[in-house]
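Commentary on secondary and tertiary structure
The residues making up each chain are set out below.
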Amino acid sequence: MKDFISKRAKTIPPSGIRKFFDLALTMEEVISLGVGEPDFCTPWNICEASIYSIEQGGTAYTSNRGLQPLREAISDSLGKNYGLSYDPDREMIITTGVSEGLDIAVRAVVDPGDEVLVAEPCYVSYSPCVTLAGGIPVPVPCSGKDHFRLNPDVLMERITARSKVLIINFPNNPTGAVMRREHLKAIADIATDHDLLLISDEVYSELTYESRHTAAATVGDLRERTITLNGFSKAYAMTGWRIGYLCAPEDICNAALKIHQYVMLCAPVMGQVAALEGIRKGEDEKDRMVREYRVRRNVFVDSLNRIGLSCHLPEGAFYAFPSVEKTGMNDVEFAETLLKEEHVAVVPGSVFGEGGMNHVRCAYAVSRKELKEAIVRMERFISSHRG
Amino acid sequence: MDEKDLLILQILEDNSRLSRDEMALMAELEPDEIETRIAALEEGGVIRNYTAVIDWDKAVNGEVAAIIDLKVNPERDYGYDRIADRLSRFRQVKSLRLVTGVYDLQLMVTGRNMQEIARFVSEYIAPMDRVRETATHIIMRTYKEYGHSFMDRETTERIPYSL
Ligand SMILES: Cc1ncc(COP(=O)(O)O)c(C=O)c1O
C-alpha cells in the first residue's frame, strides 16, 4: 500500500506534550496547572438559555456568518469596550472558536511561499496553520527582558521582502504579557511601512488586570490591515461551546467567509445561542471571574517569587510564566521531574517557541485551594533539588 | 465603604480563615490597612460574625428545622420592630426577616424533632399578641445555603493539559 499521508501533514510537528499528557493520566491526585481554560463552569443563565433553545427546537444550521442578533451584540460590545467599529453584516463572521477563525484568516491571506511573522512564545496552532496554508512561519522571539512584549527592533530584523503577515496575541498565552497603546504604536508604524497584514488574536481581551485592553485595530491606521480574532472561550468560561468571531475589512472578511462556508458551514447553533445570552447578560458573572483571577494571580505570582521561581507580574490572561533557570534544570526536565515527583502539571515553555525556553507555563485558572497546594509541592520540589 | 471594602467582604465571605498577609496580597493593600479596614467593618456592624456553612443533614445531629410564616398586626409607632425583637430573643429562632407577600414575618426554627418545633410554635409563637396566623413548613432537605451548594455533583474530569 502507498503511504497516503500528505507531505504537509507530515511536516507539522506532533504535540509537544503528548508524553506528559499520557504520564499524567496514569497518576493520582495530579494538580494540573497545565490547562489553558477557566476552571469555572459556564454561568448557569447561559446554559439555561441554550437548553431552552434546544427544547424549542433550535437545532438547525444558522446563516454562514452566524446569528444576526449575536453579530449585532458583538459589534455593539466591541464598540463600547474597545472603541472598535465593525459592521455586523459585512465585516464579521461567527467562527467555531478562535481556532477556526485563525485557520480561515490565515488561509484567506497566505499564498505558498509567503512569510508569516509569528510573535513567540505563543499559542501552538499559529505556525502549523501557516504551514498548512503553504506559508512559511518566521518566529519573532519576545523576551523576558521586554516583559514578553513584541520588541519593534527584533521584529525589524525578521522582516524580508516576502513578509506578508504578522500574527500577535496579547494578552498572551503563555506569558500573560500585555501590549498597551504605546507599545502597539511602534508595531503599527512598522506594519504600515512594510505593508504587513496583522492577525491579532485577542481571545484574552477581557482578562486584563492593570489597564483596559487595547484592540490592535484601534491603533494608528491598523484597522484597514488587521484581522481581529476573539471569542467566548476564556472570558465567559465557554471553551466547550466553540464560539469565536473574526472581524476584518469587507474584502478580507468575504475571502474568509468563502472558506468558512465550505469547511464549517456555520458555528454550532447551541453555542451561538449561549454566546448571545453571555454577551447580553453575562457581564456580572464575567466581572466576578475576572476579579477572582486577579486575586489568584497576586497570591500565586508572589508565592512563585518567594520559592525562588522568578516571575514578572503578568498583566493579563491567566498564566504565570516563571523562569526555572535557577534550578539548574531546563524547562522540559523541570516539568517532567515535577510531574513525576510531586504530581504537579506545568507546561514547558519551549513548547510555545524558542522564546519560552527555560520557563514554564502555570495556569492559575484553578481553585485557590489547589493553587496553595501546588505551591507547597513546588517549594518542596525546589528545596529537594537544591545543590 | 469603597471598592476595596467590598472586595475584602467578598474575600471574607468566601473564606474567613485567611491570614491578613494573604488577604493583603489578594486585595492589593498593606496588611496594616487590611487590619484597620476589617476593624472598621466590624465596628460598624457590617461584619457580624465569622461562622461556618454546615450541611446539618450530613452532620446527622438529628435536629429538624422549619420555616414559619407569620401574619402579624403591626403596632402603631413601632410597626413590626417590637414583635420582631421579642421573637428574635428565642434561641430556637435561627433567622427572622420581614417579607412582602401574603405573610409578614418569616422565621427559621430548629428543634430536636418535629414535636418540639410544633410545641414551640403552639406554645410560644401562635399565642403572641398580634400574631394572627401561622404556617409551618418542615424543611425536608437543604440543597443550597449561603451560596454553597450541598448537592454532591459528579465533577467532570478536566484533561491535565491543554495548550
Ligand atoms: C491564544 C489562544 N488563541 C486561541 C485559543 C483557542 O480558542 P478557542 O477556544 O476560541 O478556539 C486559545 C486557547 O487556549 C488561546 O490560548
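Parameters at a glance
Residues numbered from 1 in each chain as written. Chains lettered and ligands numbered in written order. Predicted model: local features only at pLDDT ≥ 70, side-chain atom pairs only at ≥ 80, totals over all residues. Heavy atoms only, no water. Domains from an automatic or database assignment. Near = heavy atom within 4 Å. Polar contact = N/O pair within 3.5 Å; in protein donor to acceptor, adjacent residues only side chain to side chain. Areas by Shrake-Rupley, 256 points an atom, 1.4 Å probe, with all protein chains shown as cover. Helix = DSSP H or I, 4+ residues; strand = E, 2+ residues; numbered from the N terminus. Nonpolar A, V, L, I, M, F, W, Y, C, P; charged D, E, K, R; others polar. Phe/Tyr/Trp six-rings, centres within 6.5 Å; stacked < 30°, edge-to-face > 60°. Buried < 20%, exposed > 50% of the residue type's maximum accessible area, 1.4 Å probe, protein only. Lys NZ or Arg CZ within 6 Å of the ring centre and 35° of its normal. Pairing = 2+ DSSP bridges. Axes fitted to C-alpha atoms, helices over the stretch in contact; angles between N-to-C directions. Contact = heavy atoms within 4.5 Å. Patch = residues over 30% accessible without salt bridge, like charges linked within 9 Å, V, L, I, M, F, W, Y side chains within 5 Å. Salt bridge = Lys/Arg side-chain N within 4 Å of Asp/Glu carboxyl O. Buried area = accessible area lost by both parts, 1.4 Å probe.

Points about the domain arrangement of chain B
Each assigned domain of chain B is listed here: domain 1 (3-43) and domain 2 (56-141). Placing the centre of domain 1 of chain B and that of domain 2 of chain B at their C-alpha centroids yields a distance of 35 Å.

Comments concerning the site of the ligand
The local shell around the ligand holds 15 residues, among which Val98, Ser99, Asp201, Ser233 and Lys234 of chain A are the closest. At the site occupied by the ligand, nearby residues are drawn from chains A and B. Residue Tyr204 of chain A places a side-chain N or O atom 2.7 Å away from an oxygen atom belonging to the ligand. Taken by itself the ligand offers 400 Å² of open surface, and the protein chains cover 95% of this. Ranked by residue count, the leading element in the shell around the ligand is helix 5 (residues 97-109) of chain A, at three residues. When grouped by side-chain class, the residues that make up the shell around the ligand number six nonpolar, six polar and three charged.

A short note on the packing of aromatic side chains
All names here are of chain A. Enumeration according to the criterion identifies 14 aromatic pairs over all chains in this entry. Where Phe232 meets Tyr236, the ring centres are 5.5 Å apart and the plane angle is 35°; that geometry is what we call tilted. With respect to class, Phe232 is no different from Tyr236; both count as buried. Of the aromatic side chains, those joined through ring pairs into one cluster are Phe40, Tyr204, Tyr293, Phe318 and Tyr319. Between Arg18 and the ring centre of Phe21, over which it is positioned, the NZ or CZ distance is 4.9 Å.

Concerning the sheet that holds strand 6 (residues 197-201) of chain A
Residue and element names in this part refer to chain A. A sheet is described by the order of its strands in space; here seven strands give the open sequence 2-8-7-6-5-3-4, paired in mixed fashion. Sheet topology places strand 2 (92-95) and strand 4 (136-141) at the edges, where each strand pairs with a single neighbour. Each strand of the sheet is rotated relative to its neighbour by a mean of 20°, with strand direction disregarded. Sheet topology places strand 6 next to strand 7 (residues 226-231); four bridges connect them, and they run parallel. Bridging from a neighbouring strand, Asp201 pairs with Leu229 of strand 7. Running at roughly 165° to strand 7, helix 5 makes contact with strand 2, strand 5 (163-168), strand 6, strand 7 and strand 8 (244-247) of the sheet. Each of strand 2, strand 6, strand 7 and strand 8 is contacted by helix 9 (residues 250-263), which is oriented at about 30° to strand 2, the strand it contacts most.

Looking at a nonpolar patch on the surface
There is a patch of nonpolar side chains on the surface, built from Tyr262, Val263 and Met264 of chain A and spanning about 320 Å² of accessible area. Assignment of secondary structure puts Met264 of chain A in the loop between helix 9 and helix 10 (269-281).

Re the interface of chain A and chain B
The partner chain B presents 15 residues to the 35 residues of chain A that form the contact. The junction of chain A with chain B conceals about 2000 Å² of combined surface from both sides, 58% of it contributed by carbon and sulfur atoms. When the buried area of chain A at its contact with chain B is split by residue, Phe21, Val35 and Arg368 of chain A rank highest and sum to 23% of it. A salt bridge links Glu28 of chain B to Arg294 of chain A, with the nearest nitrogen and oxygen atoms 2.7 Å apart. Applying the counting criterion to the chain A and chain B interface returns nine residue pairs in polar contact (both at pLDDT 80 or more). Of all elements in the fold, only helix 2 (18-25), helix 11 (283-306) and helix 13 (368-384) of chain A reach the threshold of two or more residues within the side of chain A that touches chain B. For the side of chain A that touches chain B, the leading source of residues is helix 11 of chain A, giving eight residues. Residues belonging to the side of chain A that touches chain B are distributed by class as follows: 19 nonpolar, six polar and ten charged.

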